[in-house]
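Okay, here's what each chain looks like letter by letter:
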Amino acid sequence: MIDKAGLKVAAPLADFIEAEVLPGTGIDAAGFWHGTAAILAAFAPRNRALLARRDELQAAIDGWDGDVTDTAAYEAFLRAIGYLVPEPAPFEVATENVDDEIARLAGPQLVVPALNARFALNAANARWGSLYDALYGTDAIPGSPAGKGYDPDRGAKVIAWAKAFLDRAVPLADGSWADWTGGTPTLADPSQLVGRNGDNWLFRHHGLHIEVVVDPAHPIGRSDPAHIADVLLESALTTIIDLEDSIAAVDADDKVAAYRNWLGLMRGDLAASFTKGGETMTRTLEDDRRYTASDGSELIVPGRSLLFVRNVGHLMTTPAVLLADGSEAPEGIVDAIVTSAIALHDLKGLGRFRNSRTGSIYIVKPKMHGPDEAAFTNDLFDAVEDLLGLPRHTIKVGVMDEERRTSANLVATIHAVQDRIVFINTGFLDRTGDEIHTSMRAGPMIRKGAMKASDWIAAYEDRNVQIGLACGLSGRAQIGKGMWAAPDRMADMLDQKRSHPMTGANTAWVPSPTAATLHATHYHDVDVFARRAERAAEPVAPLSKLLAVPLAKGRNWSPEEIREELDNNAQGILGYVVRWIDQGVGCSKVLDIHDIGLMEDRATLRISAQHMANWLLHGVVTPPEIDAAFTRMAAKVDAQNAGDPAYEPLSGGAGLAYQAARALVFEGVDQPSGYTEPLLHAYRLRKKGH
Ligand SMILES: CC(=O)SCCNC(=O)CCNC(=O)[C@H](O)C(C)(C)COP(=O)(O)OP(=O)(O)OC[C@H]1O[C@@H](n2cnc3c(N)ncnc32)[C@H](O)[C@@H]1OP(=O)(O)O
Ligand SMILES: O=CC(=O)O
Ligand SMILES: [Mg+2]
């Protein structure tokens, strides 16, 4: 640790800041450290007080002996303790200098773990994706390729699907794209044709670009009547580089690795080399795309997704920076300072590309509980702007509406960041975990799979859009929907995720670039801004519905159902935790008991662990039954990972990963808000030998 203005800063972080982040930004090291120390001195005590307030409210809820189903009494109680706060008078947010991808367009939002440079580059480049590849390579088209090499029957289905899509998005004046044999296409709306690149055609619909690739020399184009070789879609308009729930970053080395990838993206020089299919490849950021417009002028279309960075929330502290009293600094404060300082490379044009064309820094702030915590973030960002010499409200905030106290006080929460807010987003995974934890003592919860159909979640999704519209987010900020957590189920996604733009949300999360390309088709099928006009008159769904606790009515589960619930949760927990603790992987595809690969991150872990803890607390299951489920599932997860040379078996229960999984359940009731990061960090630090 190195002394910096009274702070103790881990050498790798101090070196990284001074050698890589600050040069060129005009900020000198001494000023940076003095400013950082001053921010920490002012904000760390406030941060601690907010966490104490969380505990105080949770204790009051835990200790309440009233009936949560008596809506009036329950609401009165929540008001009396200050969990519910008065709503501000009607207002509209005033955020300025927001890029079009956020404010005025509608399209997919990709999330990617910051620690994986290869994936992060892929995500930034996922602004464009091949519709043919996305259809051919997934279950979006039923079946799988026959034989080795190209399967022409499957290919024909892909082409038919894509041309039917073109008929909807850019219809010809006469006939179908399937019958088009080339020449200049005559569109029903000629203004949709916006450019050419060689023989390729560029179209625009709902503000999104579509490139029809024409290439008679290409194996697909050769046999196509119009020589169409592919249909490229503008896909992930925005991407979140995630420093939070999809990564395992527990010490200074991990933090620097994540920050360094963010720096590489802001400077445009991030590169990753890897072997794929026996070949060594180096991946870098794509350039913008150039076309000739109808009037002969050059048309430049963005080639990369607009990037946000997700900081951690207010809970954790980091050993990378110690305060004057020797305690660890709040990690969220360090993230705000460092990720913003890194973004100076973009704002000052020091890199190869521009991220924000409007000069903004986009930070996603997760897991805030209500307006006071949002006001804290707002003041912190003011202070960071002052430290970095940035105009007020340069740093924008995306507010994850993923804790119950935020959902229940959403208007006041938005009000607290009204000049810098660029999104509200229903993070229903964390939100479900918080639903269980908040009412942990009220009784046993319904089964995990039933949560998505419960009243509170319908009210939560509705209110988020309705309140977002009422607060004037449209045109200034995104209203977003949550993650599709089944990365291999693209047919189901195509079926179900159309509902997201239908709600008036102008973005929704996808787990992969392929999912982004397929989900992009929904934004052609649905005119989000027209849907918003239709919804604007709706009354906001009642708070009482949001506050309906998903308690099980009776305990009518059969022993088989109980065992299935336990096994499913235990399998997800073990399959995720083993890679987190032993390998430092924060986001994994883990098979559930039906052998469906699910995206697991800390938020899905929070749900599973809290659900098991809840059933344990209320005697639906006994401790030996929990242990038996873990034993059964350890064997299953070991078998699933048999092909991974770095894998350390769970069976036997001696390893730290197994112990962490058990602790998440057996100590689950006592975890702050039911979060998993305190235990995950503690066990991972032991694994790393700290
Ligand atoms: C509740 C929440 O907070 S959700 C937010 C956090 N969740 C996320 O960030 C999800 C991110 N997604 C992922 O990490 C991955 O998609 C997983 C772990 C779910 C699945 O990973 P894998 O099984 O390795 O993916 P799969 O084998 O299907 O695909 C790998 C390819 O897709 C790419 N890919 C997959 N996911 C992503 C992504 N999110 N961003 C960019 N590229 C991706 C990889 O780069 C790789 O391509 P490459 O070989 O050319 O580099
Ligand atoms: O962060 C997203 C969530 O669903 O939680
Ligand atoms: Mg979350």
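Note that the structure is a prediction, hence the values are computed from the model and not measured. (Residues numbered from 1 in each chain as written. Chains lettered and ligands numbered in written order. Predicted model: local features only at pLDDT ≥ 70, side-chain atom pairs only at ≥ 80, totals over all residues.)

## Some points on the domain arrangement of the protein chain
- Taken domain by domain, the protein chain holds domain 1 (1-70 + 96-143 + 151-270 + 281-297 + 306-551) and domain 2 (559-687).
- Listed by partner, the interface residues are 31 residues for domain 1 and 34 residues for domain 2.
- At seven residues, the largest contribution of residues to the side of domain 1 that touches domain 2 is made by helix α14 (residues 428-438).
- Each residue belonging to the side of domain 1 that touches domain 2 can be placed in one class, and the counts come to 16 nonpolar, six polar and nine charged. (Domains from an automatic or database assignment. Contact = placed C-beta atoms within 7 Å. Helix = DSSP H or I, 4+ residues; strand = E, 2+ residues; numbered from the N terminus. Nonpolar A, V, L, I, M, F, W, Y, C, P; charged D, E, K, R; others polar.)

## Considering the UniProt feature "modified residue: Cysteine sulfenic acid (-SOH)" (unreviewed entry) in the protein chain
- This chain's UniProt record puts "modified residue: Cysteine sulfenic acid (-SOH)" (unreviewed entry) on Cys587.
- Examined against the element boundaries, Cys587 turns out to sit in the loop between α21 (559-583) and β22 (588-591).
- Take Cys587: there are 25 C-beta atoms within 10 Å of it, and that puts it in the buried class.
- When near neighbours in sequence (up to four residues on either side) are disregarded, Cys587 contacts Pro113, Ser246, Met599 and Asp601. (UniProt positions renumbered as here; feature names shortened; annotations may be inferred. Buried ≥ 20, exposed ≤ 12 C-beta atoms within 10 Å, placed from the backbone.)

## Notes on the packing of α21 against helix α22 (residues 602-617)
- In contact at an axis separation of 9 Å, α21 and α22 are set at 135° when each is read in the N-to-C sense. By the angle between their axes, α21 is oblique relative to α22. In the crossing of α21 with α22, the sense of the turn from one axis to the other is left-handed. Of the residues in α22, those in contact with Leu566, Asn569, Gly572, Ile573 and Tyr576 of α21 are Thr604, Leu605, Ser608, Ala609, His611 and Met612.
- The residue makeup of the contact of α21 with α22, split by class, is six nonpolar, five polar and no charged. (Axes fitted to C-alpha atoms, helices over the stretch in contact; angles between N-to-C directions. Parallel < 35°, antiparallel > 145°, perpendicular 65-115°, else oblique. Left-handed = near helix turned anticlockwise from the far one by under 90°.)

## Let's talk about the site of ligand 2
- The local shell around ligand 2 consists of Asp245, Pro366, Met400, Glu402, Gly427, Phe428, Leu429, Asp430, Gly482, Met483 and Ala603.
- Looking at the shell around ligand 2 element by element, the count peaks at three residues for α14.
- When its residues are assigned to classes, the shell around ligand 2 shows six nonpolar, two polar and three charged. (Near = placed C-beta within 6 Å.)

## Remarks on the sheet that holds strand β15 (residues 317-322)
- Judged by pairing direction, the sheet is antiparallel, and its four strands sit side by side in the order β1-β2-β15-β16 without closing on themselves. Since the sheet does not close on itself, it has two edges, and those belong to β1 (2-4) and β16 (328-330), each with one partner. With direction set aside, neighbouring strand axes in the sheet form an average angle of 60°.
- Examined bridge by bridge, β15 and β16 share three bridges and lie antiparallel to one another. Directly across from Leu322, in β16, lies its bridge partner Glu328. (Pairing = 2+ DSSP bridges.)

## Topic: the site of ligand 1
- If you check the shell around ligand 1, you find 25 residues, and the closest are Val111, Asn122, Ala123, Ser246 and Ala603.
- Elements represented by at least two residues in the shell around ligand 1 include exactly β3 (109-113), α5 (117-124) and β22.
- Of the residues that constitute the shell around ligand 1, the class distribution is 14 nonpolar, five polar and six charged.
- Structurally, the shell around ligand 1 is a two-domain feature, drawing no fewer than three residues from each of domain 1 (1-70 + 96-143 + 151-270 + 281-297 + 306-551) and domain 2 (559-687).

## Here we look at the packing of α21 against helix α25 (residues 677-687)
- Following both chains from N to C, one finds α21 and α25 inclined at 45°, their axes separated by 8 Å at the closest point. The orientation of α21 relative to α25 falls into the category oblique. Between α21 and α25, the residues in contact are Trp580, Ile581 and Asp582 and Leu680, Tyr683, Arg684 and Lys687, respectively.
- When its residues are assigned to classes, the contact of α21 with α25 shows four nonpolar, no polar and three charged.

## A word on the pairing of strand β10 (residues 272-276)
- Among the five residues in β10, zero count as buried, and that is only a small part of the element.
- Sheet topology note: the β10/strand β11 (residues 279-283) ladder contains five bridges and is antiparallel. Bridge assignment links Lys276 to a residue of β11, and that residue is Glu279.
- The turn linking β10 back onto β11 is made up of two residues, and Gly277 within it adopts a positive phi angle of 55°.

## Considerations on unusual backbone geometry
- In this structure, Asn97 takes a positive phi of about 60° despite not being glycine.
- When you line up the elements, Asn97 lands in the loop between α3 (71-80) and α4 (100-103).
- Despite not being glycine, His227 shows a phi value in the positive range, around 60°.
- Relative to the helices and strands, His227 is located in the loop between α8 (219-222) and β8 (228-234).

## With respect to the environment of Leu187
- Along the chain, Leu187 turns up in the loop between α7 (152-169) and β5 (193-197).
- Judged by local crowding, Leu187 falls into the partly exposed class, with 16 C-beta atoms found within 10 Å.
- In the structure, Leu187 is positioned 30 residues away from Ala217 in sequence and 25 Å away in space, judged by C-alpha atoms.
- In this structure Leu187 touches Val170, Pro171, Leu172, Ala173, Gln192 and Leu193, once residues within four positions along its chain are discounted.

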